[in-house]
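Read off the chains here:
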Amino acid sequence: MAGKGNNKQAAALVQDLDKQIQKLEEALKSLKESVDAIQVGDGKFPYWNGGNAYSIIKNALSQYDTDMVLLDYIKSCQGSIKNY
């Protein structure tokens, strides 16, 4: 009996992780598109430039990279739960 309960819990966790992963992927895609738009601007000039802009864009891209690594880790954990 306990095994069935654990399987149901694991399945529910995997399903919840699917939803959260999708939300995170969409948010990260939006962040990357927004940062790219700020950098590219209207094609002639960026929408925001200068030292302060560079620092903030650099931090945003660094956060994006970190979040992508975490997303990969979450997916790996989800795979482990599925195989459990």
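The preceding data block contains the structure.
The following refers to the structure shown. (Residues numbered from 1 in each chain as written. Predicted model: local features only at pLDDT ≥ 70, side-chain atom pairs only at ≥ 80, totals over all residues. Heavy atoms only, no water.)

Details of the pattern of salt bridges
Per the counting criterion, the structure on display carries two salt bridges. Residue K75 is joined to E25 by a salt bridge in which the shortest nitrogen-to-oxygen separation is 2.6 Å. Remark: E25 occurs in helix α1 (residues 2–40) and K75 occurs in helix α2 (residues 51–83); sequence separation between them is 50 residues. Given a relative accessible area of 35%, K75 falls into the partly exposed group. (Salt bridge = Lys/Arg side-chain N within 4 Å of Asp/Glu carboxyl O. Helix = DSSP H or I, 4+ residues; strand = E, 2+ residues; numbered from the N terminus. Buried < 20%, exposed > 50% of the residue type's maximum accessible area, 1.4 Å probe, protein only.)

Overview of the environment of I57
As for its placement among the helices and strands, I57 is situated in helix α2. Taking C-alpha positions, I57 is 8.2 Å from Q39, a pair spaced 18 residues apart along the chain. Discounting chain neighbours no more than four positions away, the residues touching I57 are V35, I38 and Q39. (Contact = heavy atoms within 4.5 Å.)

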